[in-house]
Amino acid sequence: MPTVLFRLITAPDLGWHLEQWLDPQKLWCQSLQGAPVEQLWQNSPISQAWQNSFVQAIQSWDVWQHRGPLCTGVFEREWRLLAYPYPLDNGHYSYLGSLQITPVRTNDKDCENDVPDAESRLSTLLLDRLRLQELAIDHSSDLMLRCNSQGLITWANQALLERQNKSIDALIGTDFTQLRTQPTERHLLLQELRQGELIEGKIEYQTEDKEFYLVQEKLLPVLTDDGELESIVIVQQDLTWQAAAEIRTQQQLQTDALTGLPNRKGMYRTIRHALSLVEEQNQPFALLRINLDRFQRVNDAAGYHFGDYLLRSLALNLRRVLGSSIELACLGGDEFAALLAPCFRETDAITLADEVRQAIALSGSLAAAAGISLTASIGIAFVDKNLSEEMVLDRANQAMYAAKRQGGNCTVVYHLPSHDSIRHEAALQFALRQAIAEQELKLAYQPIISLRTGKVVSLEALLRWNHPQFGYVSPALFIPLAEDSGQIESLGEWAVHEACRQLAEWSQQPVLAHLRVSVNCSFVDLKTERWITTVKSALQGSQLLPSKLIIEYTESAIAADPAAAIALSSYLQEIGVDVALDDFGSGYSSMAYLIQFQAQGLKIDRSLITPIAEDERSRAVVRSIIELAKRLGLKTTAEGVETLDQLQLLRAWNCDFAQGFYFSKPLLATDLPDFIHSHGNFLQDHW
């Protein structure tokens, strides 16, 4: 039966109040812990009867029992209260009791007959619960304090005493702000707390031995009925070891295991810094994307060990020739990047490309000994305005592939597409607005495979734009443009409507009826209520079951506004839509997101999956993520699976799902049904 447990005590200043309130089923809209007992029945139509029953019980220290309607904040229900006096050490009494919802009222005689059998069970239950709660608080790893209305410490749990290396007697009466490393205006904190405001943040404290430690702290005000500050509860999570571990992990995740250079993630960080200087100091830069021509021939001719040795040699020669002022990175395999900042002239970037060729020539002598010629295609993106990291890399990538189309062993500088009526990105933004209005955009669907059954179980909807004059426009280019120009909401709205419509159509076919579809949510969508309306409208318009739709949030979107992401995901789950954390490990990975953001799925970023067949540390990271997700009840999906070796490892680690070019590239809606019909079981077809 739904039950609330409580303990009543009396104090000179507070009167009878609820010292403990245990409501695990959330039957009441808010906790009544610390509230006066009269608040129990203040909105009841028979409040006077409740009052009389309580007064009668405490006058004779008798069992307090009553039955009647109580308002929990939203609903009015019939409740039965039963509480027993319990002696305290100071000679006074407290009351231990329970409130139970009673759908059918019985007569008072029946109630009285219940009392003798219930008394021992209830008293034992309450005492055990209260003892367990006190034991849990005192042995919690969280650091906890209680202060009076002036901010002077009145109590601390064992974890805080051990962290401070002090006794409780030494702490009582101390101004808690004096334990901080930086001076804090206590009266300003108290002023906020008196307004009932919760205060939280990362604060540095120091111990008696001047050891510093960082905590995530919450200051929780406890107010009286008159709105006066009665006391302050402080809860702290020690972040010292966590911060050190995160720094080490980030360093490992941002370094290429083979060459020791920063990897793709490390270069992203470098580009972000360079972009900030473009915006703040008008300081342009150039990014070189370097891809070795036909490097697979080296591996085929001389073996992978020689190929790895050659890449390590090239990394050393690049560093030696270019010097420490040039930011270098290995983007994976035989692809490198170099960033020159500041760079005010394109000719300076071209000169740097010539120096890169000198370094390649030094390593090329090793390749020549094996009868192999070592050259590179280099693409240069010159950046003199604020863009996104993806857009910068995409521009350099387009230039690099243009160099390859010219036969390789050359350098190409990226220039924006030009046409009589289309100039630069402003024109591209205009073209994008037209594309949305005229439905030039398409959705491609990448199959997601169950690694248990080998069957396609869901699809990821991906935007594609094939412009009549520009040709194929990369999402890495037009999505940032849409965000900058305010068109991303329209894009997201169209995508979720189209994905739901298409899946509802496929659901009419027995072979496709089991499929689900996932749609990405941008950080802009998180900040608007329009996204909620869009999802509801798409489901209603298509008559698609909410359980068929999955909304994916990237880590960067959550990091931009965690509170909005958590609130929106909670609402989506209420209406039956699952949510998933996308691109996990792409740059913002925090364990806090896995706890606070109540998702059903976790998608491991392709940058972590790509090296698992060759790199032991990458294997350890991915396997740990999968095991952690299992413990948290999250389904895991590996993105960017391209080889059988990767697939075998992921299956051995009990990863739930996978997607990538090993199975299929993203397919247009017209091609997908035939694909699924012809690929019944991937584990049989591709194993």
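What comes next concerns the included structure. Keep in mind that what you see is a predicted model, and the values were worked out from it rather than measured.

Observations concerning the overall build of the protein
Counting its secondary structure elements, the protein contains 24 helices and 27 strands. Every one of the 687 residues in the protein was classed for burial, and the buried ones make up 48%. Across the protein, every contact between residues at least 6 apart in sequence was considered, and the portion connecting residues at least 24 apart equals 60%. Total accessible area computed for the protein in this model is approximately 34,000 Å², and 49% of it derives from carbon and sulfur atoms.

Description of the sheet that holds strand β10 (residues 229–238)
In sheet architecture, strand pairing relies on hydrogen bonds along the backbone and comes in two forms, parallel and antiparallel. On the basis of which strands lie adjacent, the open sheet formed by 5 strands has the order β7-β6-β10-β9-β8 and antiparallel pairing. Looking at strand neighbours, the two that pair on one side only are β7 (153–156) and β8 (199–206), the edges of this open sheet. Going from strand to strand, the sheet's axes swing by 30° on average, the running direction of each strand aside. The pairing of strand β9 (residues 212–223) with β10 spans 9 bridges and is antiparallel. The residue bridging Val 215 from the neighbouring strand is Asp 238, located in β10.

Side note on the state of the cysteines
Enumeration over the complete set of coordinates arrives at 0 disulfides. No disulfide involves Cys 29; its sulfur sits 7.8 Å from the nearest other cysteine sulfur, which is in Cys 71.

Considering the pairing of strand β5 (residues 93–101)
Where burial is concerned, most of β5 is hidden: 7 out of the 9 residues are buried. By the bridge criterion, 6 bridges tie strand β1 (residues 3–11) to β5 in an arrangement that is antiparallel. Note that in β5 the partner of Leu 5 across the bridge is Ser 98. Where strand β4 (residues 76–87) and β5 come together, 9 bridges link them in antiparallel fashion. For Leu 81, the partnering residue across the bridge sits in β5 and is Leu 99.

Here we look at the nonpolar core
Grouped together as the largest cluster of nonpolar side chains are 96 residues, with contacts concentrated most on Leu 549, Ile 551 and Leu 650. Tallying contributions element by element places helix α14 (residues 488–506) first for this core, with 9 residues. With 34 residues, the next largest nonpolar core counts Leu 288, Ile 290, Leu 310 and Leu 328 among its residues.

Looking at the packing of helix α7 (residues 264–281) against helix α11 (residues 389–405)
Geometrically, a packed helix pair is captured by the angle between its two axes and the distance between the axes. Their axes nearest at 9 Å, the elements α7 and α11 cross at an angle of 105°. Put simply, α7 runs roughly perpendicular to α11. Mapping the contact onto sequence places Tyr 268, Ile 271, Arg 272 and Leu 275 in α7 and Glu 389, Glu 390, Val 392 and Leu 393 in α11.

Observations concerning the side chain of Asp 256
Among the secondary structure elements, Asp 256 is positioned in the loop between α6 (240–253) and α7. Buried and unpaired, Asp 256 has no salt bridge, with Arg 617 as the nearest side chain of opposite charge at 8.0 Å. Residue contacts for Asp 256: discarding those within four places in its chain leaves Leu 261, Pro 262, Asn 263 and Cys 330.

A word on a negative patch on the surface
There is a patch of like negative charges on the surface, built from Glu 38, Asp 225, Asp 226 and Glu 228. Among the structural elements, Asp 226 can be located in the loop between β9 and β10.

Digging into the packing of aromatic side chains
Here the distance between the centres and the angle between the planes together describe a pair of aromatic rings. Tallied over the full model, the rule gives 13 aromatic pairs. Centre to centre, the rings of Trp 16 and Tyr 95 are 5.9 Å apart; their planes meet at 65°, and the pair counts as edge-to-face. On the criterion of sequence distance, the pair formed by Trp 16 in strand β2 (residues 15–22) and Tyr 95 in strand β5 is long-range, its members being 79 residues apart. Accessibility classification places Trp 16 together with Tyr 95 in one group, the buried group. The interplanar angle of 50° and the centroid separation of 6.0 Å between the aromatic rings of Trp 41 and Phe 54 together place this pair among those described as tilted. One end of the pair, Trp 41, is in the loop between β2 and α1 (47–59); the other, Phe 54, is in helix α1, with 13 residues separating them in the sequence. Like Phe 54, Trp 41 is buried.

Describing the sheet that holds strand β12 (residues 327–332)
As summarised here, the arrangement of the 5 strands in space is β12-β13-β11-β14-β15, forming an open sheet in which the pairing is mixed. The outermost strands of the open sheet, each flanked by one partner alone, are β12 and β15 (411–413). Neighbour to neighbour, the strand axes of the sheet diverge by 20° on average, direction disregarded. Bridge analysis of strand β11 (residues 285–292) against strand β14 (residues 376–383) gives 8 bridges, and the strand direction is antiparallel. Of the residues in β14, the one forming a bridge with Leu 287 is Ala 381.

Quick notes on unusual backbone geometry
Across the junction of Ala 341 and Pro 342, the peptide omega takes the value -5°, indicating a cis bond. Along the chain, the position of Pro 342 falls in the loop between β13 (335–340) and α10 (346–369). With a phi angle near 55°, Asn 282 is a residue other than glycine that sits in the positive phi range. Following the sequence through the fold, Asn 282 ends up in the loop between α7 and β11. Positioned with a positive phi, Asn 654 is a non-glycine residue whose angle comes to about 65°. Along the polypeptide, Asn 654 turns up in the loop between α22 (644–652) and β26 (657–658).

Topic: helix α5 (residues 186–194)
Within the span of α5, buried status applies to Leu 189, Leu 190 and Leu 193. End-on, the buried residues of α5 take up no more than an arc of 100°, which puts them together on one face. For α5, the secondary structure elements touched by its buried residues are β8, β9 and β10. Downstream of α5 by one or two residues, Gly 196 has phi in the positive range, about 80°.

As for the pairing of strand β3 (residues 64–71)
Of all the 8 residues making up β3, 6 are buried; the element is thus mostly covered by neighbouring parts of the structure. Examined bridge by bridge, β3 and β4 share 8 bridges and lie antiparallel to one another. If you follow Pro 69 over to β4, its bridge partner there is Glu 78.

Side note on the pattern of salt bridges
With the rule as written, the count across this model stands at 20 salt bridges. Taking the shortest distance from any N to any O, the salt bridge between Glu 208 and Lys 166 comes out at 3.4 Å. In this pair, Glu 208 sits in the loop between β8 and β9 while Lys 166 sits in the loop between α3 (158–164) and α4 (168–171), placing the two residues 42 residues apart along the sequence. Residue classification places Lys 166 among the partly exposed residues on the basis of a relative accessible area of 22%. The closest approach of N and O atoms between Arg 272 and Glu 389, which form a salt bridge, is 3.3 Å. Of the two residues, Arg 272 is situated in helix α7 and Glu 389 in helix α11; the sequence distance between them amounts to 117 residues. Each of Glu 460, Glu 552, Lys 603 and Glu 639 takes part in a single network of salt bridges with overlapping partners.

Remarks on α22
Considered for burial, the residues of α22 that qualify are Gln 646, Leu 647 and Leu 650. Along the axis of α22, the buried positions cluster into a sector of 100°, meaning they face one direction only. Close packing links the buried residues of α22 with α20 (606–609), α21 (616–631) and β25 (635–638). Downstream of α22 by a residue or two, Asn 654 has a phi angle that is positive, lying close to 65°.

Parameters at a glance
Residues numbered from 1 in each chain as written. Predicted model: local features only at pLDDT ≥ 70, side-chain atom pairs only at ≥ 80, totals over all residues. Heavy atoms only, no water. Helix = DSSP H or I, 4+ residues; strand = E, 2+ residues; numbered from the N terminus. Buried < 20%, exposed > 50% of the residue type's maximum accessible area, 1.4 Å probe, protein only. Contact = heavy atoms within 4.5 Å. Areas by Shrake-Rupley, 256 points an atom, 1.4 Å probe, with all protein chains shown as cover. Pairing = 2+ DSSP bridges. Axes fitted to C-alpha atoms, helices over the stretch in contact; angles between N-to-C directions. Disulfide = S-S within 2.5 Å. Core = buried A, V, L, I, M, F, W, Y, C linked by side-chain atoms within 4.5 Å. Parallel < 35°, antiparallel > 145°, perpendicular 65-115°, else oblique. Lys, Arg positive; Asp, Glu negative; His and termini not counted. Salt bridge = Lys/Arg side-chain N within 4 Å of Asp/Glu carboxyl O. Patch = residues over 30% accessible without salt bridge, like charges linked within 9 Å, V, L, I, M, F, W, Y side chains within 5 Å. Charge placed at Lys NZ, Arg CZ, Asp CG, Glu CD. Phe/Tyr/Trp six-rings, centres within 6.5 Å; stacked < 30°, edge-to-face > 60°. Arc of directions from axis to C-beta.

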